[in-house]
Amino acid sequence: MSSKATIIVDPALSSGSADLFRTAFGGFYITEDTDEGQAYSFVEADTSEPTSEDFDIIFSDIENQTTADYSNLVPSFSFPIRVASNSDTLESDQAWKTYVLGGPYGQKTYVPKFSNTVHEYLNISYNMPYEQREVLYLEDEDVSDIVQISYDYTQHLADYESQISAFETELYIPNYYILSDFYRHKDVALEDTTKVYPSELVSFITFENQYETPEIVFEFNDSKIPYDVLPSEINSFTDMRKLNTDLGNAYLVSSLFSAPSEQTTIDWVTTKQKTILLDSEAITNLSDMQDYHDCLPYKMKITFPTKQTGGFVDNFTENNFDSKILEALNEAFVTQQGLQTSEKNYIKSSEFKSGSIDTAISTVEEVNTVTYREINYIDFLTYCRDHYNSANSDYMFVGSNNIERLATTDTTGVYRHINTKNSLHALQYAINFLGDSSNVGVESIEDLFSQKTNYEETVAYRIEKIGGAGSGDGLSQNVLQNYWFLNSNAMADFEFFDSQVKFDSDYTYNIYAYVLTAGIKYEYSNLLLTRGLGCSDDYLYGLEFYDPNGDEKNSQERLFDDDNYTDFNDSAGEGAYGSAAQIYSNYRYLADFKISYEPVLKMVEVPIYSKTLRILDNPPNRLNVVPYQIMDNSQKVAFDLYYGTNSDAVFPSAITNSDSEYKERYLNGKDLLSTTKISEKSVSLQRTVEVYRTTTKPTSLEDFDGNLYKTISLKPPGEKFYRNAYDTCVSQIKTNQKYYYLFRVLNEHGTPGHISEIYETELINDGGYKFALFNTILESELGESPPPETSKQFKKIFQLRPNINQIVMDTADLDFEQSAESQISSLNIGDADDLIWDKTFKIRLTSKKTGKKIDLNITYKISGE
């Protein structure tokens, strides 16, 4: 199962929906509980065996369907339906009427079988991707459709990070897409390049015309490499090439780098960058570039496989409508100016694989009600045709100006001809598409009452970015930016890179797909029922059609053309005085009505995935610790601390609550499990050693929380880049007292590193001779404290023995003529005035060397036989 099998269905296609006739006929979905969850199962429609037991057969006459309305761009059609019944449970014409219209009759209350509501047939198969975190549990499954929102952190530019952290808005940070598009002109003189870009954009990336070479920011820069680099290594775009560019070695660390200060630049930056559009040309240009995003010191990234494009996107590109449709979609779904979207509930059914650390992989079925925003596509294109001026200027295209982009951003009508012409091409294609019944239409009753899926095509994607300073209560973050991407064939996999983010700040990214889908709007009308005329012909019932909602004595001409059906005899019904309202029928009860329908195209906004994350550094390496005693009378122990090399390991264990929060955020951002080994090393340098110490044996690492003993700086005074990889922790301790030490390194960002072993340390004073004992305790050995010892073995250094007068046997009361067994109770032990038996004596022992004391409680008892 390479993706999550998903269908999106209009609620009208469900049993018990507003489409009452569908529930009675068949061709609907039902939700059933299964071992895997909830299944959305389809009940097939059968004209000869409808779901309702009181319906015998359904007749349709689609061959004689008529066009109902030619005035619309999209014509509507209608065709007649006949329902026939010989139900024994219906006793009369009145019972038949009540059964169809609903209401009480006798002891029963019937649900209506028809409603005048307009329904929609929309049933699209739109498989969803797995989240990267989910795939970690599905190792043996064939999962290829994966969405991931993550980040890369590759360079620590401390001054850059510090400076942008104070920026009022993330929009002041250089934008990757602007810089990479500018880099396409690296071989062109800057004065010529700036002619095809807005002057405010040029001002923004040149730090208001102070930085002279913004067009070469991704060029190789060897200023930090002390040797000559081979051209082959540069051309192959190795990691060394990516990490040594003008961007990181000059542009972002330049003394000129700053937030914009001129008001015109500020206004452009804070308005135009709110919405960034990437049309067909922009995506093609990006696909032709190398992976220059890897030259960024850090970035957010989003990846997932795109959906296959179809005729609509091809038409946009061929007729230069791709720029305009992105702007129009933004106007409809984001700024909501002009034509408004509507919200509609759908049923979303998914089947997918699931697993976890504690459970085996299983198949899960889910059925949920979701609310999607949508817009009628023909109305949308008509609006584009009629409103050729841009109503919103808060957006920009990635790339230099061309005629289509200028026309899209036109606010005066200068380019009205281009906008109108391109919109008409798209509109004509859509109308032709709807006019082709093979695309969308009703050629048989199964097209409305089967599990047939509709046409769908993803035309665009939107990335909504939420973050920045909170507003209102300070907890709600604002929408910072929206990125729109045409679903171009040049983009096999969707890739998004965001450089306009601050380190260690939360951002939420919402991914939306804009799916163009074809469906059918339909409704039931002109309901006619029959009543018996009290006559028959060759065992046929004589019936008359009438309007059940009209006058009591009205009659109506039948709607269904039944000339070709032997179940009915029209001519006999009409007779000499009859009309088209009368009929002879094999069935006692009939109902004629019309189904009117029209094909429809809708643009539906389908949420794909959402995630909140922040960019964080990787944990620093573990310390190698060498403990020893300082050989003097200072009662000091020392620990030599060596910063180790990077090795694959799971994320470091947490000591404090903030450690746990960091771990959770890191694993979430990287889509890792707590059991996943991390190979990436800390990007920033080691900065501080934390030394924890406690005098109580820990049962968990959390016992060290609040027991930070000291910190040791690894940054030499006056050094900017160099950090020590060795230091020593010296500690003075009491004798004959156990201490427990724990060490770890923090990097420049304060990221907690891997913990050392726990060092149980004791300085023994043995009669003036002092020596240190060190014992290591692993984290896996920590646990509950052992129960206190109630006994202790030691050498036989003394003996307690009662005085002889306490154990001498007194036989005065014995009768030696009797058996020994019978005289035991008469035998007395001891003849002293104060006997010790059954009394307790306390004895205290004191060590001359350590001064430690022990109390012994001795009770003397007589035992034996």
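Residues numbered from 1 in each chain as written. Predicted model: local features only at pLDDT ≥ 70, side-chain atom pairs only at ≥ 80, totals over all residues. Heavy atoms only, no water.

Caption draft 1: Quick peek at the layout of surface pockets. Taken as a whole, the largest pocket encloses approximately 980 Å³ of empty space. Forming the walls of the largest pocket are 30 residues, and the residues nearest its centre are Gln155, His156, Leu157, Val683 and Leu685. Only helix 4 (158–165) and strand 28 (686–694) provide two or more residues apiece to the lining of the largest pocket. Among the residues making up the lining of the largest pocket, the classes are represented as 9 nonpolar, 11 polar and 10 charged. (1 Å grid on protein atoms, 1.4 Å probe; cavity = no way out; pocket = protein on both sides within 12 Å on 5 of 7 lines; lining within 4 Å. Points joined across faces, edges and corners; volume = space filled by probe spheres on them. Helix = DSSP H or I, 4+ residues; strand = E, 2+ residues; numbered from the N terminus. Nonpolar A, V, L, I, M, F, W, Y, C, P; charged D, E, K, R; others polar.)

Caption draft 2: Just unusual backbone geometry, in detail. With a phi angle near 60 degrees, Glu208 is a residue other than glycine that sits in the positive phi range. One can find Glu208 in the loop between helix 7 (199–205) and helix 8 (231–235). Classification of Glu208 as buried rests on a relative accessible area of 13%. Its identity is not glycine, yet Asp504 carries a phi of approximately 60 degrees, on the positive side. (Buried < 20%, exposed > 50% of the residue type's maximum accessible area, 1.4 Å probe, protein only.)

Caption draft 3: Inspection of the nonpolar core at higher detail. In terms of nonpolar packing, the biggest core is built from 162 residues, with Phe21, Phe316, Tyr377, Phe380 and Tyr509 touching the most fellow members. For Phe316, the contacting residues outside a window of four places in its chain are Phe321, Asp322, Ile325, Tyr377, Ala426, Val459 and Leu486. Listed in part, the 19 residues of the second largest apolar core include Leu623, Tyr643, Ile712 and Phe743. (Core = buried A, V, L, I, M, F, W, Y, C linked by side-chain atoms within 4.5 Å. Contact = heavy atoms within 4.5 Å.)

Caption draft 4: Just the side chain of Thr530, in detail. With respect to the element layout, Thr530 can be found in strand 21 (residues 507–537). One polar contact links the side chain of Thr530 to the main-chain amide nitrogen of Leu590, over a distance of 2.9 Å. Apart from the residues lying within four places of it in its own chain, the contact partners of Thr530 are Asp93, Trp96, Leu543, Glu544, Phe545, Tyr546, Arg588, Tyr589 and Leu590. (Polar contact = N/O pair within 3.5 Å; in protein donor to acceptor, adjacent residues only side chain to side chain.)

Caption draft 5: Fine view of the pattern of salt bridges. With the rule as written, the count across this model stands at 37 salt bridges. Between Glu464 and Arg462 there is a salt bridge, and its shortest N-O distance comes to 3.8 Å. Each member of the pair, Glu464 as well as Arg462, is classed as buried. A salt bridge links Lys521 to Glu598; its shortest N-O distance comes to 3.8 Å. With Lys521 in strand 21 and Glu598 in strand 25 (residues 589–613), this pair connects stretches of sequence that are 77 residues apart. Each of Asp10, Glu120, Lys344, Glu374 and Lys602 takes part in salt bridges that share partners, so that together they form one network. (Salt bridge = Lys/Arg side-chain N within 4 Å of Asp/Glu carboxyl O.)

Caption draft 6: Structural context of the sheet that holds strand 26 (residues 623–629). Here we have 3 strands laid out as an open sheet, ordered 26-27-30, and antiparallel in their pairing. In the strand order of this sheet, the two ends are held by strand 26 and strand 30 (726–732), each with one partner. Between one strand and the next, the sheet's axes are offset by a mean angle of 20 degrees, whatever the strand orientation. As paired elements, strand 26 and strand 27 (residues 636–643) share 7 bridges and run antiparallel to each other. Within strand 27, the position partnered with Leu623 by the bridge is Tyr643. (Pairing = 2+ DSSP bridges. Axes fitted to C-alpha atoms, helices over the stretch in contact; angles between N-to-C directions.)

Caption draft 7: Structural view of the sheet that holds strand 29 (residues 708–713). The strand order 29-28-31-32-33 describes an open sheet built from 5 strands, whose pairing is antiparallel. Lying at the two open borders of the sheet, with one neighbouring strand each, are strand 29 and strand 33 (769–777). Averaged over all neighbouring strand pairs, the angle between strand axes comes to 25 degrees, with direction disregarded. Of the strand pairs in this sheet, strand 28 and strand 31 (residues 738–747) are connected by 8 bridges, and their pairing is antiparallel. Among the inter-strand pairings, Thr688 is bridged to a residue of strand 31, identified as Leu746.

Caption draft 8: Quick peek at the pairing of strand 1 (residues 5–9). Two elements, strand 1 and strand 15 (residues 342–354), share 5 bridges in a ladder whose sense is antiparallel. Across the sheet, the residue bridging to Ile8 is Lys348, located in strand 15.

Caption draft 9: Local environment of the side chain of Glu215. Assignment of secondary structure puts Glu215 in the loop between helix 7 and helix 8. The side chain of Glu215 sits in the buried core without any salt bridge; Lys186 is the nearest counter-charge, 11 Å away. For Glu215, the residues in contact, after removing those within four places along its chain, are Phe182, Tyr183, His185, Lys186 and Leu190. (Lys, Arg positive; Asp, Glu negative; His and termini not counted.)

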